[in-house]
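Fold and contact review
Single-letter residue listing:
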Amino acid sequence: ALPPGGMVICTDGDAALAELALSYFRDAELSSALDFRVGDAVSIMERLDGEFDIIFMDINKEGYPDAFRKAWPRVRKGGLFIADNLLRDGRVIFGDDSAATRGVREFTRLLYSAPGAQTSIVPLRDGVSVTLKGA
């Protein structure tokens, strides 16, 4: 679905995991449109110019609210913001008060209060949110 000239920027905090992931894309002959970067995903995004069609977030859960505040303005109108682990094995509703669960709860409030955002949480595995950026 990537248009000609399109680029997928992937980040990972672990160089060995990034290289492993890239090796699979090379084996599938799909690596030419990938730009793998190692480091903190939010810091990497802040150094890039422009808007994004899709942002997929799967970072430390306590960082979800801050990352959303920084990333949401970078999603183009009509773009998608996708995040993993929103159900946290049910901990978001069953009284867990860890920093990670508090981060996911706050992130979910931010998703549903963002102007122009249309969000659904899909109960796949540990919960995936899909947010369309509208007007």
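Refer to the preceding data block for the structure.
The structure reproduced in this document is the subject of the present report. (Residues numbered from 1 in each chain as written. Predicted model: local features only at pLDDT ≥ 70, side-chain atom pairs only at ≥ 80, totals over all residues. Heavy atoms only, no water.)

This brings us to the side chain of lysine 133. Note on placement: lysine 133 falls in strand S6 (residues 128–133). Despite its burial, lysine 133 pairs with no opposite charge, the nearest such side chain being glutamate 51 at 5.7 Å. Within the structure, the side chain of lysine 133 is placed 2.9 Å from the backbone oxygen of valine 75, a separation counted as a polar contact. When neighbours within four sequence positions are excluded, lysine 133 is seen to be in contact with Trp72, Pro73, Val75, Arg76, Lys77, Gly78, Gly79 and Gly116. (Helix = DSSP H or I, 4+ residues; strand = E, 2+ residues; numbered from the N terminus. Buried < 20%, exposed > 50% of the residue type's maximum accessible area, 1.4 Å probe, protein only. Lys, Arg positive; Asp, Glu negative; His and termini not counted. Salt bridge = Lys/Arg side-chain N within 4 Å of Asp/Glu carboxyl O. Polar contact = N/O pair within 3.5 Å; in protein donor to acceptor, adjacent residues only side chain to side chain. Contact = heavy atoms within 4.5 Å.)

Quick look at the sheet that holds strand S5 (residues 117–122) now. Strand order in the open sheet formed by four strands is S3-S4-S6-S5, and the pairing between neighbours is mixed. Of all strands in the sheet, those bounded by a partner on one side alone are strand S3 (52–57) and S5. Adjacent strand axes in the sheet meet at a mean angle of 15° when their direction is disregarded. In the sheet, strand S4 (residues 75–84) pairs with S6 via five bridges, with the strands oriented antiparallel. In the strand pairing of S6, phenylalanine 81 is matched with threonine 131. Contacts from helix H3 (residues 64–71) reach S3 and S4 within the one sheet, and its direction differs from that of S4 by about 165°. On top of the sheet, helix H4 (residues 99–113) reaches S3, S4, S5 and S6; it is set at about 135° to S5, its chief contact. (Pairing = 2+ DSSP bridges. Axes fitted to C-alpha atoms, helices over the stretch in contact; angles between N-to-C directions.)

Together, Leu17, Leu20 and Tyr24 give the surface a local cluster of nonpolar side chains, amounting to about 320 Å² of exposed area. The exposure class of leucine 20 is partly exposed, given its relative accessible area of 42%. (Patch = residues over 30% accessible without salt bridge, like charges linked within 9 Å, V, L, I, M, F, W, Y side chains within 5 Å. Areas by Shrake-Rupley, 256 points an atom, 1.4 Å probe, with all protein chains shown as cover.)

A word on the environment of leucine 34. Looking at the element boundaries, leucine 34 is found in strand S2 (residues 34–38). Spatially, the C-alpha atom of leucine 34 lies 19 Å from that of isoleucine 82, the residues being 48 residues apart in sequence. With sequence-adjacent residues up to four places away left out, leucine 34 is seen in contact with Met7, Val8, Cys10, Leu22 and Phe25.

The next subject is the pairing of strand S1 (residues 8–12). Note: S1 against S2, five bridges, orientation parallel. What sits directly across from isoleucine 9, in S2, is aspartate 35. For the handedness criterion, the β-α-β arrangement of S1, helix H1 (residues 15–27) and S2 is classed as right-handed. (Right-handed = clockwise from strand over helix to strand, strands pointing away.)

Moving on: the nonpolar core. Core analysis: the biggest nonpolar cluster contains 22 residues, and Phe68, Phe81 and Phe107 have the highest contact counts within it. Listed by contribution, the elements that provide at least two residues to this core are helix H2 (41–46), S3, H3, S4 and H4. Non-local contacts of phenylalanine 68, meaning those with residues more than four positions away in its chain, are made with Pro73, Phe81, Phe107, Leu110, Leu111 and Ala114. (Core = buried A, V, L, I, M, F, W, Y, C linked by side-chain atoms within 4.5 Å.)

On to the pattern of salt bridges, then. Taken as a whole, this structure holds nine salt bridges when the rule is applied. For lysine 70, the salt bridge goes to glutamate 46, with nearest N and O atoms at 3.5 Å. Of this pair, lysine 70 sits in helix H3 while glutamate 46 sits in helix H2, and the two are 24 residues apart along the sequence. Taking the relative accessible area as the measure of exposure, lysine 70 reaches 33% and is therefore partly exposed. In this structure, aspartate 66 engages lysine 70 in a salt bridge whose closest nitrogen and oxygen atoms are separated by 3.3 Å. Of this pair, aspartate 66 and lysine 70 both sit in helix H3, four residues apart, roughly one helical turn. Through salt bridges with shared partners, a single network forms among Glu46, Asp66 and Lys70.

Fair warning: the whole summary comes from geometry, so function is off the table for now.
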